[in-house]
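# Coordinate analysis (summary)
So you can see what is in the structure, the chains are spelled out below.
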Amino acid sequence: MMTAANQTDPPPSPGKRKGLVIVPAFNEADSIARVVDALRHHLPDFDVLVIDDGSKDATIRRVPASAAAISLPFNLGIGGAMQTGYRYAALNGYEIAVQVDADGQHPAHAVGKLVEAMKNTGADMVIGSRFVEGGSYEQ
């Protein structure tokens, strides 16, 4: 169950932005703990929220206690899982929301670069890509 943030909570301190990493997960029992642990290590000032998108495996049971978790009753797909995460972020007063996949394909150490780009440019949205710097990837 999601609840709105307490209206008496103080605003975030200047220079520090309240951040949330949203981790949509579908049948990621083998990787979820490693991903959450890496995020907590590289982004200690961010909260982590795992959205278990109707997994049939033990994903929800393997989410470390250092992360919040929401278990959807059935698979909504990436769009539904992310909408759940963004709604949670809005209701709880987060200023920054970052998506990191539960399979480990997004390196936790790189998320800080996105956050810094947002802070330095004042952008409302930043998108990271591992394919921008060239290489042989083709869609």
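Only a predicted model underlies this, so the values are computations on that prediction, with no experimental measurement involved.

Definitions and cut-offs
Residues numbered from 1 in each chain as written. Predicted model: local features only at pLDDT ≥ 70, side-chain atom pairs only at ≥ 80, totals over all residues. Heavy atoms only, no water. Buried < 20%, exposed > 50% of the residue type's maximum accessible area, 1.4 Å probe, protein only. Helix = DSSP H or I, 4+ residues; strand = E, 2+ residues; numbered from the N terminus. Arc of directions from axis to C-beta. Contact = heavy atoms within 4.5 Å. Salt bridge = Lys/Arg side-chain N within 4 Å of Asp/Glu carboxyl O. Pairing = 2+ DSSP bridges. Axes fitted to C-alpha atoms, helices over the stretch in contact; angles between N-to-C directions. Polar contact = N/O pair within 3.5 Å; in protein donor to acceptor, adjacent residues only side chain to side chain. 1 Å grid on protein atoms, 1.4 Å probe; cavity = no way out; pocket = protein on both sides within 12 Å on 5 of 7 lines; lining within 4 Å. Points joined across faces, edges and corners; volume = space filled by probe spheres on them. Nonpolar A, V, L, I, M, F, W, Y, C, P; charged D, E, K, R; others polar.

Here the focus is helix α1 (residues 32-42). Among the residues making up α1, those that are buried are I32, V35, V36 and L39. The buried side chains of α1 occupy one side of the element, clustering within an arc of 95 degrees when seen end-on. The outward face of α1, more than 90 degrees from its buried face, is lined by the exposed residues R34 and H41. Buried residues belonging to α1 abut β1 (19-25), β2 (46-53) and α3 (108-121).

To continue, consider the pattern of salt bridges. Within the structure shown, the criterion is met by one salt bridge. Between D30 and R62 there is a salt bridge; the shortest N-O distance is 3.5 Å. Of this pair, D30 sits in the loop between β1 and α1 while R62 sits in the loop between β2 and β3 (68-72), and the two are 32 residues apart along the sequence. Relative accessible area serves as the criterion here: at 42%, R62 is assigned to the partly exposed category.

What follows deals with the sheet that holds β3. If you walk across this open sheet you meet the four strands as β3-β2-β1-β4, and the pairing is parallel. Here the strands that pair on one side only, and so sit at the sheet edges, are β3 and β4 (96-99). Taken over all neighbouring pairs, the strand axes of this sheet differ in orientation by 20 degrees on average, direction set aside. In this structure, β1 lies alongside β4, joined through four bridges in parallel fashion. Counterpart to G19 in the pairing with β4 is I96. Here α1 sits on the sheet and contacts β1 and β2; the angle it forms with β2, its principal contact strand, is near 160 degrees. Across the sheet, helix α2 (residues 77-91) lies against β1, β2, β3 and β4, angled at about 155 degrees from β1, the strand it touches most.

Moving on to the side chain of S31. One can find S31 in the loop between β1 and α1. A distance of 2.7 Å separates the side chain of S31 from the backbone oxygen of A102, its partner in a polar contact. Those residues in contact with S31 that lie beyond four places of it in its chain are A102 and D103.

If you add up the space inside the largest pocket, you get close to 820 Å³. Per element, the largest residue contribution to the lining of the largest pocket is seven residues, and it comes from α3. Taken together, the residues of the lining of the largest pocket break down into 15 nonpolar, five polar and six charged.

Relative to the helices and strands, S55 is located in the loop between β2 and β3. In this structure, the C-alpha to C-alpha distance between S55 and F26, residues 29 residues apart in sequence, is 4.9 Å. If we ignore the near neighbours within four places in the chain, the residues touching S55 are A25, F26 and N27. Here the side chain of S55 touches N27 through a polar contact of 2.7 Å, landing on its backbone nitrogen.

Next up on the list: the environment of G19. Residue position: G19 is located in strand β1. On a C-alpha basis, the gap between G19 and I96 in space is 4.6 Å, while along the polypeptide they are 77 residues apart. Beyond its immediate sequence surroundings of up to four residues, G19 is in contact with F46, D47, Y94 and I96.

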